[in-house]
Amino acid sequence: SYEYSDFNNVEFDSYMIPTNEISIDGFRLLDVDNRIVLPMNSQIRILVTAADVIHSWTIPALGVKVDGTPGRLNQTNFFINRPGLFYGQCSEICGANHSFMPIVIESVPVNYFIKWISNNVNSSLDDWK
Ligand code: CUA
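A short tour of the structure in this document, coming up. Nothing here was measured: the structure is a model prediction, and the numbers come from that model. (Residues numbered from 1 in each chain as written. Predicted model: local features only at pLDDT ≥ 70, side-chain atom pairs only at ≥ 80, totals over all residues. Heavy atoms only, no water.)

### Structural notes on the nonpolar core
Nonpolar side chains in soluble globular proteins generally cluster together in the buried interior. Short version of the rule: To define a nonpolar core, start from buried Ala, Val, Leu, Ile, Met, Phe, Trp, Tyr and Cys residues and group those joined through side-chain atoms within 4.5 Å. Burial status follows relative accessibility: with a 1.4 Å probe on protein chains alone, a residue under 20% of its type maximum counts as buried, one over 50% as exposed, and anything between as partly exposed. Working definition: helices are DSSP H or I runs of at least four residues, strands are E runs of at least two. Numbering for both runs from the N terminus. Note on contacts: a residue pair is in contact if any heavy atoms of the two residues lie within 4.5 Å.
Counting residues in each nonpolar core, the largest one holds 24 residues, and the members touching the most others are Y4, I36, W57, L62, F78 and I105. At the level of secondary structure, the elements contributing two or more residues to this core comprise β1 (2-4), β2 (10-12), β3 (36-39), β4 (43-48), β5 (55-59), β6 (64-68), β9 (102-108) and α1 (110-120). Leave out the neighbours within four places in its chain, and F78 touches L38, S42, Q43, I44, I46, W57, L62, V64 and I105.

### Brief notes about unusual backbone geometry
Residues other than glycine seldom take positive phi values, yet N8 does so here, at roughly 55°. The phi dihedral of N41 falls on the positive side, at around 55°, and the residue is not glycine. Summarising the element assignment, N41 is placed in the loop between β3 and β4. When its relative accessible area of 46% is taken as the criterion, N41 is described as partly exposed.

### Overview of the pattern of salt bridges
Opposite charge on two side chains allows them to pair when their charged atoms are near. What counts, and what does not: The term salt bridge refers to a pairing of a side-chain nitrogen on Lys or Arg with a carboxyl oxygen on Asp or Glu at a separation within 4 Å.
If you walk through the whole model with that rule in mind, you get one salt bridge. Between R35 and E106 there is a salt bridge, with the nearest N and O atoms lying 3.4 Å from each other. One end of the pair, R35, is in the loop between β2 and β3; the other, E106, is in strand β9, with 71 residues separating them in the sequence. You can call R35 partly exposed: its relative accessible area is 32%.

Printed below as a string of structure tokens:
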């Protein structure tokens, strides 16, 4: 689950697309229904926690790995200098569904991000679709 607390708390869940629903050009076990859209060429700070057990929010191409721990708020930061898709997976053995919690960041130009976040403010993602 993601919240954009600097942008009126736009929030949504991001789930893996099941193998039987993935498109022919999709990445099995890696693609998600709702990507994290972030602006490129911007310093990004993220706060990470967990609701159940310890997970690890990991995007290898960004050099980011931060534990999500119940009762704790961890933070890290990164800077994406190009547009594109950045894939990651939970990397702390966290339970039966550990293999099925991928992460996808869609890095976009800042003006596109502003448009995206504006369309999502004050509306749930279901309304937006
Ligand atoms: Cu969550 Cu492994």
